Number of protein chains: 2
Amino acid sequence: MSSENSYLVPGTSVQIPGAAEGPLRDLTFMAKDLFDVAGHVTGAGNPDWARAHKPAGSHAWAVERLLQAGADLTGKTITDEISLGFFGQNAFYGTPLNPKMPDRVPGGSSSGSASAVAQGRCDVALGTDTGGSVRIPASFCGLYGLRPTHGRVPVQGLVPQAPTSDTIGWFARDAATMERVGAVMFAESPAAATHTEVILATDLFEACDPANAQALRSALDRLATRTGNIRQERLAPEGLAVWAQAQRNIQLAEAWETFRGWVDAENPRLAFMVARALQFGASVTEADLEAARRVREQVRARMAALLPRNVLLCLPTAPCVAPFKDEPVAEVDTVRDRINTMCCFGGLAGHPQLSIPLAEVDGGPVGLSIVGARGTDMSLVATAKAWEDHQ
Amino acid sequence: MSSENSYLVPGTSVQIPGAAEGPLRDLTFMAKDLFDVAGHVTGAGNPDWARAHKPAGSHAWAVERLLQAGADLTGKTITDEISLGFFGQNAFYGTPLNPKMPDRVPGGSSSGSASAVAQGRCDVALGTDTGGSVRIPASFCGLYGLRPTHGRVPVQGLVPQAPTSDTIGWFARDAATMERVGAVMFAESPAAATHTEVILATDLFEACDPANAQALRSALDRLATRTGNIRQERLAPEGLAVWAQAQRNIQLAEAWETFRGWVDAENPRLAFMVARALQFGASVTEADLEAARRVREQVRARMAALLPRNVLLCLPTAPCVAPFKDEPVAEVDTVRDRINTMCCFGGLAGHPQLSIPLAEVDGGPVGLSIVGARGTDMSLVATAKAWEDHQ
C-alpha cells in the first residue's frame, strides 16, 4: 500500500509540456489513470491490470487535445480500481486527500484528479463519469465537475467501463477554467446561459440528507434574481429505486463484459467490493437487462420532453457530504446505494450535468447539479459562471 | 508477488526446536499458515488478513503436539488465500513448486506444506482439509496425505473455514512417517490393517480421467494378494452432482459466516476467484442450506452402513493429474468442479481418508484414496504401510 493521501499513481512521474501556443498554455492538468499517456502503462487503479498491459503507444484523445491546446500534463492520478467505486478508497494505492475534509473520503472513482485540483496541484484534471465518478468527487471536494453529454468527448485511448454510460469529464476550481477547457474539448465558443425556466427535481431533493437539501435550496434562493421562479417536478413517477436498479444492472453487466477477458486470464487481485460488483454484473440476466434498457428509453424520452434548450434542471449532486474514511463494507454499501440513486439519472439520460460547489454542510462542500438539453454543455458552464459572479 | 516457487510464507522465519525427548525427535515439520505459531502473525495466505491480526499468543494444538513429541518446527508454509482453493496458486505469494511436475500446480490449499515435503525440505507438514485441501495436493505432489475423521484432531489455534467440514491433516513421503505422526496426534498405538472387504466406488472412478482410473485399477490389481476380491459399488445413487452441490453450499455458506466480519471491516484485497467464492457463500439461501444438510445426513447414514470397521473403500483422490499453472479462470472453474465432485465425499461423510501415491499418469503422480469407518485412521495408515511394503 502506498503512502496515504497521495493523489498520484505510485511510481509514476509524468511531465509533458503542451504546445507552445494555444488557448490553455497557462494551465497545468493531470489525467486519471484510465487515460493513455504515451510511453506509460495505463494502470486503471489495479496492479494486476498494470502488469498485464504494455505502455501506451499514443496519448488518449482527451490528453492529446489538452496538450495541443497548450496545457502541460503534470501527473497521472489515482482512480478507484477499474473505475468501480464512489468513495475514492483504492485498496492498493491508498485514499487521496480530501483537503476540504481531511478525515473524509475524496469521492471516486476520479479520486486523485479531484484531490489534485482541490489541493491546487494543477488547474484542471481529467476524470471519467460512468455512474457518478466526476460528479461525486466534485461534490465531496468542493469543485466544479462536468459530466458532458454522452458521446460528445471521444473515448479513444480510455480504459472503458460501461460504454453506454461512459463519459469523459474534468474538474476545476472555478467556472471560467471549466469554460476554457470546454471550449477546447467541444471545439465550441463560449455560450450564453440559455435557460428561461428552472426546474427543481423534488424527488431527488427528498432523497438526500435534509441538511443538504436545505443548504442547496437556500443557495438557490440567494440566486433568485438569476433563476427566476423555480418549477417543482418529480423526475421519476415510477420511483427512483426503479431507475437506480436499471442503471446498476446496465452498468455492471457492461462492466463485466468489459473486464471479463482480463478477469478470466489473470484471476486478478481486487478489493472484495470490486470483485463483488463484477460478479454482480456477471449475474445480471438478459431479462433484467432488457427491462433496464426499457426503463432507460423511458427516462430518455421523458427527459427530452422535459428539457428543451431553454430549461435548466437542478438536483443535488450527492445525497450527503463526504463520508468518513475506512467505514465497514455494510456502511459503504448503504451510502453507495444512496449515491447511485442520486446519480443514476446521468447514465440513464445521457444529458450534460455540471456540479457546482454551491453550499456547505458541517463545514464540508455540497454540490448542486445543473442539467440541460443534450449538447448544451457550454451553456451549463455559462450559467455556472454567471452564478459564480453573482455569489 | 514473492519469488515463484517459494513454499514458505514470505518474510517469515521460524525455527522452534521440539522437546529433547519424544517419539518424533528425529523429524522436522512445517505448518500451513493457518496454524498459530506463538509470536508470529497467522497470515491465512492474505496480506490484509495478516495486517488485521496480531501475533499469536500460543501455538495451535497440533503444532504444540508435534513440538512436545520432539519434532522441530522449521517453517510456516503458504496456503491458498483463506484456505479457499484447490490449485495452490496464491495471487499474493506465488505458487509453490510441484517438484514432480514443475510446470504444474502443487494443488491446494495446503500447497506450501505439500511442496516442502515433496522437495524433502521437511519430513512432515501440517495442512488442513475442508473440501480436499490435503487430499488434492497429496495426489498432485505424490505424497501420503491424511484427512482424519472429522473432529478427531482439535482445531484450537487454527483459522477456521467451514467448521462442520474442517479437519487437520498432514503429509509425509512414506507411510511409516504417517503412522508415527498419527500415533502422536491421535494418542493411539499403531493399529493393524483391519479390513476383510474392499469396495471400489465405481461412480467416482467413472468421474475421473480414464487414464487415471486405469492406472489406479492396475495398481490395485497388483495388490490383489492384499486386497482380495474387490466389490464394486456406486456411492451416490442420486448422482454425484447432488453431493457436490450440497458440499459446496454448506462449505461456502459457512466460509462466509467465518470471514464476513473481516470482509466487512477491511474490504480486503482477494483474488477474484476467492472473492467470488465468498460472495457465492453469502448468496446461499436458508432453503438451499437445509436441503444440503439433508443430503449430508443421508450420505452419513449410508456410509455408516456401507463402512463397518472391516470394510475399506477405494476411490481416486483427484479426477486428474496436476493441471498446468496459470490457466484461465474458466478452465480452473471446470477443474475445480471436477475436484469438488471427487472430494465432496470427505466433507459430507466425515470419514477418515488417506491418499496414497499409488500410480503415475503422464509422468505425474496419481493418488488412490482409502476410506474406512470413523475412528479407523490408524488402520488406514497400517493398510498403506502394508501396501507400500508390497509394492
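Residues numbered from 1 in each chain as written. Chains lettered and ligands numbered in written order. Predicted model: local features only at pLDDT ≥ 70, side-chain atom pairs only at ≥ 80, totals over all residues.

Peer 1: I keep staring at the relation of the copies chain A and chain B and nothing clicks. Help me out?
Peer 2: Note on the chain copies: they are related by a rotation about an axis and a translation along it. After a rotation of 180 degrees and a shift along the axis of 0.0 Å, chain A superposes on chain B with an RMSD of 0.0 Å. Overall, the copies show the geometry of a two-fold rotation axis. With an isologous cut-off of 70% or more, the 100% of interface residues of chain A that recur at the interface of chain B puts this contact in the isologous class. (Least-squares fit on C-alpha atoms with pLDDT ≥ 70 in both. Contact = placed C-beta atoms within 7 Å.)

Peer 1: Can you walk me through the interface of chain A and chain B in this structure?
Peer 2: How big an interface is tends to be expressed through the accessible area that disappears when the partners come together. Each side of the interface is counted separately: chain A has 18 residues, and chain B has 18 residues. Those elements that place two or more of their residues in the side of chain A that touches chain B are helix H9 (240-266), strand S8 (269-271), helix H10 (272-283) and helix H12 (329-349) of chain A. Residue contributions to the side of chain A that touches chain B peak at five residues, all from H10(A). Looking at the side of chain A that touches chain B residue by residue, the class counts come to 13 nonpolar, two polar and three charged. As paired strands, S8(A) and strand S8 (residues 269-271) of chain B are joined by three bridges and run antiparallel to one another. Bridge pairing links A:Leu270 to B:Leu270 in S8(B). (Helix = DSSP H or I, 4+ residues; strand = E, 2+ residues; numbered from the N terminus. Nonpolar A, V, L, I, M, F, W, Y, C, P; charged D, E, K, R; others polar. Pairing = 2+ DSSP bridges.)

Peer 1: Would you mind showing me how to read the nonpolar core here?
Peer 2: Soluble, globular proteins show a tendency: their nonpolar side chains are buried together. Judged by nonpolar contacts, the single largest core of 242 residues is most densely connected at A:Phe29, A:Val124, A:Phe171, B:Phe29, B:Val124 and B:Phe171. Mapped onto the domain boundaries, this core takes at least three residues apiece from domain 1 (28-185) and domain 2 (197-390) of chain B. (Core = buried A, V, L, I, M, F, W, Y, C linked by C-beta atoms within 7 Å. Buried ≥ 20, exposed ≤ 12 C-beta atoms within 10 Å, placed from the backbone. Domains from an automatic or database assignment.)

Peer 1: I'm lost on the sheet that holds strand S7 (residues 230-233) of chain A in this one. Help?
Peer 2: Within a sheet, adjacent strands bond to each other through the backbone by hydrogen bonds, running parallel or antiparallel. All names here are of chain A. The mixed open sheet is built from 10 strands, whose spatial order is S2-S1-S3-S5-S4-S10-S11-S9-S6-S7. Edge positions in the sheet fall to strand S2 (72-77) and S7, since each of these pairs with one other strand and no more. For this sheet the average axis-to-axis angle between neighbouring strands, irrespective of direction, equals 30 degrees. With five bridges joining them, strand S3 (residues 124-128) and strand S5 (residues 168-172) adopt antiparallel strand pairing. By the bridge assignment, Val124 is partnered in S5 with Ala172. (Axes fitted to C-alpha atoms, helices over the stretch in contact; angles between N-to-C directions.)

Peer 1: Teacher, can you tell me more about the packing of helix H9 (residues 240-266) of chain B against helix H11 (residues 286-306) of chain B here?
Peer 2: Residue and element names in this part refer to chain B. At a minimum axis separation of 9 Å, H9 and H11 run at an interaxial angle of 120 degrees. When the axis of H9 is compared with that of H11, the two are oblique. For the pair H9 and H11, the crossing hand works out as left-handed. Together, Val242, Trp243, Ala246, Asn249, Ile250 and Ala253 of H9 and Asp288, Leu289, Ala292, Arg293, Val295, Arg296 and Val299 of H11 make up the contact between the two elements. Taken together, the residues of the contact of H9 with H11 sort by class into nine nonpolar, one polar and three charged. (Parallel < 35°, antiparallel > 145°, perpendicular 65-115°, else oblique. Left-handed = near helix turned anticlockwise from the far one by under 90°.)

Peer 1: Looking at this structure, how should I read helix H10 (residues 272-283) of chain B?
Peer 2: Since there are 3.6 residues in each turn of an α-helix, residues three or four apart along the chain are aligned in direction. Spanning 12 residues, H10(B) covers 16 Å between terminal C-alpha atoms, matching the ideal 16 Å at 1.5 Å per step. With respect to burial, H10(B) is a largely interior element, nine of its 12 residues being buried. Looking at the buried residues of H10(B), the elements they touch are H9, S8 and H10 of chain A together with H9, S8 and helix H12 (329-349) of chain B. (Expected span 1.5 Å × (residues − 1).)

Peer 1: When you look at the sheet that holds strand S4 (residues 144-147) of chain B in this model, what are you seeing that I'm missing?
Peer 2: Residues and elements named next belong to chain B. Reading across from one edge, S2-S1-S3-S5-S4-S10-S11-S9-S6-S7 is the order of the 10 strands in this open sheet, with mixed pairing throughout. Each edge of the sheet is formed by a strand with only one pairing partner; in this case those strands are strand S2 (72-77) and strand S7 (230-233). Ignoring which end each strand starts from, the neighbouring axes of this sheet average 30 degrees apart. Sheet analysis places S4 next to strand S10 (residues 353-361), joined by three bridges and oriented antiparallel. Bridging across to S10, Leu146 finds its partner in Leu354.

Peer 1: Explain the pairing of strand S11 (residues 364-371) of chain A to me, please; I cannot follow it from the model alone.
Peer 2: Residues in a regular strand point their side chains to alternate faces of the sheet. All names here are of chain A. Within S11, seven of the eight residues are buried, which leaves the element mostly enclosed by the surrounding structure. Examined bridge by bridge, strand S9 (residues 311-316) and S11 share four bridges and lie antiparallel to one another. Bridging across to S11, Pro316 finds its partner in Leu368. Between strand S10 (residues 353-361) and S11, which pair antiparallel in sequence order, lie two residues; one of them, Asp362, sits at a positive phi of approximately 55 degrees.

Peer 1: I tried to follow the pairing of strand S6 (residues 197-201) of chain B on my own but got confused; where do I start?
Peer 2: Residues and elements named next belong to chain B. In this structure, S6 lies alongside strand S9 (residues 311-316), joined through four bridges in parallel fashion. Looking at S9, one finds that Glu197 is bridged to Val311. In this structure, S6 lies alongside S7, joined through four bridges in parallel fashion. Along S7, the bridge assignment pairs Ile199 with Arg231.

Peer 1: What is the right way to look at the environment of A:Pro210 in this model?
Peer 2: Following the sequence through the fold, A:Pro210 ends up in helix H7 (residues 210-222). Sequence separation between A:Pro210 and A:Pro102 is 108 residues, and the spatial gap between their C-alpha atoms is 23 Å.

Peer 1: What should I look at first to understand the environment of A:Pro23 in this one?
Peer 2: Residues and elements named next belong to chain A. Mapping Pro23 onto the fold places it in the segment before strand S1 (28-32). Each C-alpha atom, one on Pro23 and one on Ala183, is 9.3 Å from the other, the two residues being 160 residues apart in sequence. If we skip the residues at most four places from it in the chain, Pro23 touches Ala69, Gly70, Arg180, Ala183 and Val184.

Peer 1: When you look at helix H11 (residues 286-306) of chain A in this model, what are you seeing that I'm missing?
Peer 2: Residues and elements named next belong to chain A. Its 21 residues place the ends of H11 30 Å apart at the C-alpha level, agreeing with the 30 Å of an ideal helix rising 1.5 Å per residue. Residues of H11 that are buried: Ala292, Val295, Arg296 and Val299. Around the axis of H11, the buried residues are gathered within 105 degrees of arc, so they sit on the same side. Turned more than 90 degrees away from the buried face of H11, the exposed residues are Glu286, Ala287, Glu290, Arg294, Glu297, Ala301 and Ala305. (Arc of directions from axis to C-beta.)

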